[in-house]
Amino acid sequence: MFYREAGDFKTSYAADGQTFPIAFDRWRYFAVLAIAFLVVPFTINEYVASAVLIPFLIWSIIAIGLNILTGYCGQVSLGTGGFMAVGAYAAYKIMTAAPELNIFFVVLLSGGVTALVGLLFGLPSLRIKGFYLAVATLAAQFFLVWLFNRVPWFYNNSASGQINAPDRTLGGFLITGPNATPEAKYLFCLVFVFGMAWLARNLTRGRLGRSWMAIRDMDIAAEIIGVNPLKAKLSAFAVSSFFVGVGGALFFTVYLGAVEVGEAFGINKSFLALFMIIIGGLGSIFGSFAGAAFIVLLPVFMKNVMVGGFGWPTDIATHFEFVILGALIIVFLIAEPHGLAAFWRTIKEKLRLWPFPH
Amino acid sequence: MMDGGSFVTPDGRTIGDVLMEVRNITLRFGGVVAIKDISFDIREGEIRAIIGPNGAGKSSMLNVINGFYHPQDGEIWFRGAKRGPMKPHAIAHQGIARTFQNIALFKGMSTLDNIMTGRFTKMRVPWWQQAIWTGPAEREEVENREIVEKIIDFLEIQAIRKTPVGRLPYGLQKRVELGRALAAEPKLLLLDEPMAGMNVEEKEDMSRFILDVNDEFGTTIALIEHDMGVVMDISDRVVVLDYGQKIGDGTPDEVRGNQDVIDAYLGVAHD
């Protein structure tokens, strides 16, 4: 009943390598899954879905994607917003070109397109590292947004320059468009989050994931072990972009519905994703979720407290939100530079001995 | 005595044919000649030491062998075939592993993960099966984990299996690095100063591991070392470099009696 590592013996290497080696963690994980799939859909309302749950789910996918590239493979990227835009515009083009195609596959295909674009922009990483690579990916961000703004083919020559998600159904339920129910949208995103997190966990614990971490920690040693830096870095860019592309496609089709590229996928989105993984914890899937929750949920929570609780005017609350969020980020980074995931690890280590620490 | 065929060492190990041969290697950095026309061979199953004063070109020689440097002149023959210009990661796949003078472990990973990463060349399951995990990927992971656990047992580092290597003391880090190189089951193992910065006890441990690796797995080892006592004790043959040139080559006893080697180490006026 307590959170215990002691006494939980493993008798096979497969059991030793499982995602949640502690029995309590495993049950907690199943409980979260059960609540997310079986309870939340029946209690959800429009506000909770659109302000809290759906953005949290989508940002989780994006944070996991960026974490694969930056946290696991050590390649800093400021192009996340641009890659999200690629996913969104790919989804739009595929939806309008092939109206019969299932929305599920549209999102996956958009991720695939983004993976290819990511591969292309990952090429400079073979020559440059660190801050210089960050600047190169910044170029991707600005170029992609400019491209989607300036080439009318991408938005099908619409007069406003916007793209709008047409109605699409899955199994009879409307997923996209203004009339989709929050339950359907939530479940659609949840399935993606679950699947993508599972994929990310598998990829990062195996041979490929270890080759990424090897490149991150010591690229020369990685090479003499047989890791081809070209393959490791480019695969990280491709996988990461796939995740970000799927996130971008969901962001546009399910969450926003209508997108103007400069506004929806600007540089601030790139920074937001970077904040998430730094606050959540680099090189941790749980950290990606924690970071996304922190960045998405905290402003909503603070707004509710300040406007709903104290009755302050909305504009003052908005300004305070920025102040508090900024301060919290600084406090967090000083108190726990390795993010919420490391914070969680420390708690776990303490819990092993609780309540008798000696 | 070294020419042609295999021979038996005084302690009863059989040394086989030539595994690697470097012929007339010359390596220049701009105007600096790091290695000048050096040739020697490494035979299967032997422990081959490369010694020499600081700046003699020992580490450069290892870097040539595992592909970090590309010599301007000369040939490298490995397992009977001439080797073209290759990248280090391709050379790793041929079966050459090494450790570094300054430890080059993956600091963010545990001991276990570091050694598992050493199995990189031995794992075959494609990425999409790794993404699914259940099935071939998990099976391959467990198979390799069993081999890695044997190495962990061999090196007596069971207790630090799950510890991040950044937290380990220096001597243990050196041992983990040896484990990572061993995990690749190399044909040729290059050790760059495996005992640098160790105390006597740690040196004894490391010497024992090197001898055991050679004895139990039959791994051919080429090592650079400064501790003459260790080198003379554990190696079968020694090649001596000085100022990028080879000045001696032979058994420890032969080298010890070589006048050029004595001069290089004790220092004489060059005229």
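In this text the structure is predicted, and so the values were computed from the model without any measurement.

A separate point is the interface of chain B and chain A. Of the residues lining the interface, 36 residues belong to chain B; the matching set on chain A comes to 28 residues. Applying the counting criterion to the chain B and chain A interface returns three salt bridges. A salt bridge links B:Arg145 to A:Asp16; the nearest nitrogen and oxygen atoms lie 2.8 Å apart. Elements with a contribution of two residues or more to the side of chain B that touches chain A: α2 (88-94), β8 (96-99), α3 (111-117), α4 (127-132) and α5 (136-154) of chain B. In terms of residue count, the dominant contributor to the side of chain B that touches chain A is α5(B) (six residues). Residues belonging to the side of chain B that touches chain A are distributed by class as follows: 18 nonpolar, eight polar and 10 charged.

A few words on helix α10 (residues 229-256) of chain A. All names here are of chain A. With 28 residues, α10 extends 38 Å between its outermost C-alpha atoms, agreeing within 8% with the 40 Å of an ideal straight helix rising 1.5 Å per residue. The largest bend in α10 amounts to roughly 30° and is located at leucine 250. Burial within α10 is extensive, with 23 of its 28 residues counted as buried. In this structure asparagine 228 caps α10, since a side-chain oxygen of it lies 3.1 Å from the backbone nitrogen of leucine 230.

Below, the discussion takes up a positive patch on the surface. A cluster of like positive charges, contributed by B:Arg79, B:Lys122, B:Arg124 and B:Lys187, occupies part of the molecular surface. Mapped onto the fold, B:Lys122 is located in the loop between α3 and α4.

With 108 residues, the main nonpolar core has A:Trp59, A:Trp212, A:Leu250, A:Phe265 and A:Phe294 as its most contacted residues. The next biggest cluster of nonpolar side chains, apart from the first, holds 43 residues, and it includes B:Val148, B:Val165, B:Ala183 and B:Leu189.

One pass over the structure, following the stated rule, counts five cavities of 30 Å³ or more. Of the pockets and cavities examined, the largest cavity occupies roughly 90 Å³. Considering the residues around the largest cavity, the lining is formed by A:Ile224, A:Ile225, B:Ala92, B:Ile96, B:Ala97, B:Arg98, B:Thr121, B:Arg180, B:Ala181 and B:Ala184. Take the lining of the largest cavity: its biggest share by element is three residues, from β8(B). For the lining of the largest cavity, the per-class residue count stands at seven nonpolar, one polar and two charged.

Turning to the domain arrangement of chain B, a few remarks are in order. All names here are of chain B. When cut into domains, chain B gives domain 1 (1-95 + 188-194 + 201-271) and domain 2 (104-185). Contacts between the two partners involve 16 residues from domain 1, matched on the other side by 11 residues from domain 2. For the pair domain 1 and domain 2, the summed buried surface comes to about 1,100 Å²; carbon and sulfur atoms form 74% of the total. The largest per-residue losses of area from domain 1 upon contact with domain 2 belong to His93, Met206 and Phe209, which jointly make up 40% of the total buried on that side. Summed over the shared surface of domain 1 and domain 2, the result is two salt bridges. Between arginine 208 and glutamate 156 there is a salt bridge whose closest N-O contact spans 3.9 Å. Linking domain 1 with domain 2 are one residue pair in polar contact (both at pLDDT 80 or more), by the criterion used here. Mapped onto the side of domain 1 that touches domain 2, the elements with two or more residues apiece are α2, β9 (188-192) and α7 (200-217).

Glancing now at unusual backbone geometry. Despite not being glycine, A:Asn156 shows a phi value in the positive range, around 50°. Note on placement: A:Asn156 falls in the loop between α6 (130-150) and β1 (163-164). Of note, the phi angle at B:Trp133 is positive, near 70°, even though the residue is not glycine. With respect to the element layout, B:Trp133 can be found in the loop between α4 and α5. B:Trp133 gets classed as buried once you look at its relative accessible area, which sits at 7%.

About the cut-offs
- Residues numbered from 1 in each chain as written.
- Chains lettered and ligands numbered in written order.
- Predicted model: local features only at pLDDT ≥ 70, side-chain atom pairs only at ≥ 80, totals over all residues.
- Heavy atoms only, no water.
- Contact = heavy atoms within 4.5 Å.
- Salt bridge = Lys/Arg side-chain N within 4 Å of Asp/Glu carboxyl O.
- Helix = DSSP H or I, 4+ residues; strand = E, 2+ residues; numbered from the N terminus.
- Nonpolar A, V, L, I, M, F, W, Y, C, P; charged D, E, K, R; others polar.
- Expected span 1.5 Å × (residues − 1).
- Bend = angle between axes of the 7 residues up to and from the residue.
- Buried < 20%, exposed > 50% of the residue type's maximum accessible area, 1.4 Å probe, protein only.
- Polar contact = N/O pair within 3.5 Å; in protein donor to acceptor, adjacent residues only side chain to side chain.
- Patch = residues over 30% accessible without salt bridge, like charges linked within 9 Å, V, L, I, M, F, W, Y side chains within 5 Å.
- Areas by Shrake-Rupley, 256 points an atom, 1.4 Å probe, with all protein chains shown as cover.
- Lys, Arg positive; Asp, Glu negative; His and termini not counted.
- Charge placed at Lys NZ, Arg CZ, Asp CG, Glu CD.
- Core = buried A, V, L, I, M, F, W, Y, C linked by side-chain atoms within 4.5 Å.
- 1 Å grid on protein atoms, 1.4 Å probe; cavity = no way out; pocket = protein on both sides within 12 Å on 5 of 7 lines; lining within 4 Å.
- Points joined across faces, edges and corners; volume = space filled by probe spheres on them.
- Domains from an automatic or database assignment.
- Buried area = accessible area lost by both parts, 1.4 Å probe.

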